[in-house]
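Listed here are the chains, written in short residue letters.
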Amino acid sequence: MADTVQYRLERMVEELDDLERRGLFTRREIAEIVKQRRKFEYRLKRPSPLKQDYLTYIDYETQLDTLRRLRKRSVARDLDKKKDNKRTKLSVSDFAGVSRIVEIYRLAVLRYKGDVDLWLRYLEFCRERSNGRMKKVLAQLIRFHPKVPGVWIYAAAWEFDHNLNVAAARALMQSGLRVCPTSDDLWVEYLRMELTYLNKLKSRKVALGEGRGSLVREDGDAGEKEWREDNQDLFLSLHEERKNVDGSNTDNEESEDKVDIFKEQGQNILQAVYSGAVEALPSSFSLRERFLEILEATDLAYSEDMRERILSDMKRDFSKDPKYWEWLARLELRHSQSSQGISDDLMLEQLQKAVKIYEEALEVVPSSVMFDLYTKFLMDVVVPKDGNTQLCVCTEDWISRLLTAYEKAELVGCMSEDLACRYASLYLQLGRFDEARKLARDLCSGDLANSSKLWLLRASMEIRHFTRDALSQSKASLDSIFGLIRDALAKVPLSKSEELWLMALKFFALERDYSDKLVEMSITAVAKSAGSDYRFSLSSAVVNFILHKDGLQDARKIYERFLALPHPDLSLYRKCIELEQNLASLGDKQCLVNARKLYDSALSTYDQDLSLWQDYYSMEIKVNTGFAFPQFIEIVCILFGDFLHFFCIPNRWHLALLLPP
């Protein structure tokens, strides 16, 4: 390895001498360069060099070459000031830096052939420096990664834009489509490339005075176009038609009726590519959507017929997909929303068309997803764009449509949890509070009886009604709310009832009888779900609630009852340990004893949790009470012997490296 590194360094002597001779680097700087390169070369000659080793070496050489070029320009400016006519000739140092970076990239991609990002970095460097290896590297990349569509697109784009070789770019794209026929991007980029080339030919004709316009559709402002037509005499057209003395047009009238050959050719290309793409990807909705966007952005012959064909094919193949109907309805509004100064009547007409599409979709796809999309669309119409949650008074017709949609969803059995919550919230926004309460009650007693969001909404409405009406704040009302929450907690799974429990504990915090009942209910719920791993820890929340409400002694009694249940969760142990540690830091030795007991109990169940061992060790180090550290390490080494062997830690005392200081 040393001989190889020394050989590579010796090959740099001529370059380094040239840098010193031209005054770009001093001898001391060159010695530092050799030192750094030796370090990088030794890294690359390791048995298993890392990818980062190659990238670090490349970054260093890139920065070094950038510095060389800056100093070379500085030297050239000094020569110009001295009016020295001697031109600096290119020498070996002008090419050695780029050649070395290319060689490092070559070694890197040979080592990591499967890293496409590394290949692309290699190609970008060759393209920026106009290196002659670009075509060879592209061929290697295609050979190693023929199944990556982006590789074919990159190669074709380079041939099309840089080499101006349309035939080679077309051949690459067609080869890519044969290898990756199910790639949306390849089909779309192939169509873009063909239309771009056709537009370039059209522009060339226009430049030669043999035509006008382009294939790109110009959607300018209608008012501006009208003004230009009224003031046409103010403009001098480059394609102004010359007239004869008698006023007749010199152009042949038959040529005006003739369809532009480029537009017709573009239409043929679009039809051919579209047919092939649909045959290869019959179930791709996004592909046809992108084809339609390209069609609308170009000015082709018979484009309306092609648009109708694409839309009819999409309706035939995707009529059972709610996403298609959503896209089709939004398509009706796209042009009206993009236009400026559109009249209210025209906007209303576009909205009516979109509503008809949604209603047709509900007949074809009567699902909760379709109702969800429809109601969201109507809410976008009803709610002002300024984000105000109050509904507009002038939208009574749209509000009635929205309510009718919700009623129909409930009637056909397509009411989902989100739909039900928005349905009840709509009545709240309209100020119909009693109807919202009745609706929430009916929905909670139906198919959505286990919906946590719906029960939470209903409970919040009942609490709001209780707090708003001072005359109704009686024990009977509290019993009613408590019964409602008890029924909700009985029907909703514990894993989804976090917000319900927190709301109930907060509301009944000042009511001793009800809070005690909630605590008993929580103990029963935790006992039933023993061993389940939930993100929400009810026992920790109850302990924290009792701590703030009744103090430490009552909280300790409660957590002891929770810990007596089968398989208490780890978050409860951590909460109890935190409670005892906070008091132990104030000098309470009994709390320190309790914390140790809690750690011992937690580790008897969760003995594989390394963070728990670390926290235990950190606590003992902080209190500094003569903790038996060797015995502690001995226990952990027994438990984590396989873990330590995996990380090649030969001595069990080295476990201290894993523990916090």
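Note that the coordinates shown come from a computational prediction; the quantities given were computed from them, not determined experimentally.

Attention now goes to the overall build of the chain. If you tally the helices and strands in the chain, you get 32 helices and zero strands. Taken across its 661 residues, the chain has 39% of its residues classed as buried. Sequence separation of at least 24 residues holds for 61% of the intrachain contacts in the chain that already meet a minimum separation of 6. For the chain, the exposed area adds up to about 38,400 Å²; of that, 52% sits on carbon and sulfur atoms.

This part is about the UniProt feature "coiled-coil region" (unreviewed entry) in the chain. Feature annotation in UniProt places "coiled-coil region" (unreviewed entry) on residues 2-29, given in this structure's numbering. In the segment residues 2-29, helix accounts for 75% and strand for 0%; the C-alpha atoms at its two ends are 23 Å apart.

A few words now on the packing of helix α9 (residues 166-179) against helix α10 (residues 184-207). Where α9 meets α10, the closest approach of the two axes is 10 Å, and the angle between their N-to-C directions is 160°. Regarding the angle of α9 to α10, the classification is roughly antiparallel. The element α9 and its partner α10 pack so that their crossing is left-handed. Only L186, W187, E189, Y190, M193, E194 and Y197 of α10 make contact with α9, whose side of the interface consists of V166, A169, R170, M173, Q174, G176 and L177. Among the residues forming the contact of α9 with α10, the class breakdown is nine nonpolar, two polar and three charged.

With that out of the way, let us pick up empty space enclosed by the protein. The probe, sized like a water molecule, is rolled over the atoms to show the empty space still left. Per the counting criterion, the structure on display carries one cavity of 30 Å³ or more. Of the pockets and cavities examined, the largest cavity occupies roughly 70 Å³. The set of elements that each furnish at least two residues to the lining of the largest cavity consists of α2 (13-21), α4 (51-81) and α5 (93-111). Of the residues that constitute the lining of the largest cavity, the class distribution is three nonpolar, two polar and five charged.

A few words on α9. Here α9 spans 20 Å end to end across 14 residues, near enough to the 20 Å set by a 1.5 Å rise per residue. Of the positions making up α9, those classed as buried are V166, A169, L172, M173, G176 and L177. Each buried residue of α9 sits inside an arc of 135° when the element is viewed along its axis, so together they form one side. Projecting away from the buried face of α9 at angles above 90 degrees are the exposed residues A167 and R178.

It is worth spelling out the packing of helix α17 (residues 344-364) against helix α18 (residues 368-382) at this point. Between α17 and α18, the least distance of the axes is 10 Å, while the angle of their chain directions is 165°. The angle between the axes of α17 and α18 places the two elements in the roughly antiparallel class. For the crossing formed where α17 meets α18, the hand is left-handed. Counting all contacts with α17, which are made through L351, A354, V355, Y358, E359, A361 and L362, the residues of α18 involved are M370, F371, L373, Y374, F377, L378 and V381. By residue class, the composition of the contact of α17 with α18 is 13 nonpolar, no polar and one charged.

To continue, consider the environment of M314. Following the sequence through the fold, M314 ends up in helix α15 (residues 303-318). When near neighbours in sequence (up to four residues on either side) are disregarded, M314 contacts F285, R288, E289, S319, Y324 and W327.

Turning our attention to the packing of aromatic side chains. In this structure the tally under the stated criterion is 23 aromatic pairs. On the numbers, 5.3 Å between centres and 45° between planes, the contact of F482 with Y514 is tilted. Taken together, the residues F482 in helix α23 (residues 475-491) and Y514 in helix α25 (residues 512-528) connect sequence positions 32 residues apart. Judged by relative accessible area, which is 5%, F482 ranks as buried. For Y514, a relative accessible area of 5% gives the class buried. Seen from their ring centres, F507 and F508 are 4.8 Å apart, and the 80° between their planes marks the pair as edge-to-face. For F508, a relative accessible area of 0% corresponds to the buried category. A cation over an aromatic ring shows up here: K39 above the ring of F40, its NZ or CZ 5.3 Å from the ring centre. Its guanidinium or amino end placed over the ring of F144, R143 lies 5.0 Å from that ring's centre, counting from NZ or CZ.

Here we come to the pattern of salt bridges. Here the structure, examined in full by the defined rule, presents 51 salt bridges. Close ionic contact of R37 with E61 constitutes a salt bridge, the shortest N to O distance being 2.9 Å. Of the two residues, R37 sits in helix α3 (residues 27-44) while E61 sits in helix α4, which places them 24 residues apart along the sequence. With a shortest N-O distance of 3.4 Å, D372 and K376 are connected by a salt bridge. Of this pair, D372 and K376 are both found in helix α18, four residues apart, which corresponds to roughly one turn of the helix. For D372, a relative accessible area of 15% gives the class buried. Each member of the salt-bridge network shares a partner with another, and the members are D18, R21, R22, D65, R68, R69, K72, D94 and R129.

Parameters and conventions
Residues numbered from 1 in each chain as written. Predicted model: local features only at pLDDT ≥ 70, side-chain atom pairs only at ≥ 80, totals over all residues. Heavy atoms only, no water. Helix = DSSP H or I, 4+ residues; strand = E, 2+ residues; numbered from the N terminus. Buried < 20%, exposed > 50% of the residue type's maximum accessible area, 1.4 Å probe, protein only. Contact = heavy atoms within 4.5 Å. Areas by Shrake-Rupley, 256 points an atom, 1.4 Å probe, with all protein chains shown as cover. UniProt positions renumbered as here; feature names shortened; annotations may be inferred. Axes fitted to C-alpha atoms, helices over the stretch in contact; angles between N-to-C directions. Parallel < 35°, antiparallel > 145°, perpendicular 65-115°, else oblique. Left-handed = near helix turned anticlockwise from the far one by under 90°. Nonpolar A, V, L, I, M, F, W, Y, C, P; charged D, E, K, R; others polar. 1 Å grid on protein atoms, 1.4 Å probe; cavity = no way out; pocket = protein on both sides within 12 Å on 5 of 7 lines; lining within 4 Å. Points joined across faces, edges and corners; volume = space filled by probe spheres on them. Expected span 1.5 Å × (residues − 1). Arc of directions from axis to C-beta. Phe/Tyr/Trp six-rings, centres within 6.5 Å; stacked < 30°, edge-to-face > 60°. Lys NZ or Arg CZ within 6 Å of the ring centre and 35° of its normal. Salt bridge = Lys/Arg side-chain N within 4 Å of Asp/Glu carboxyl O.

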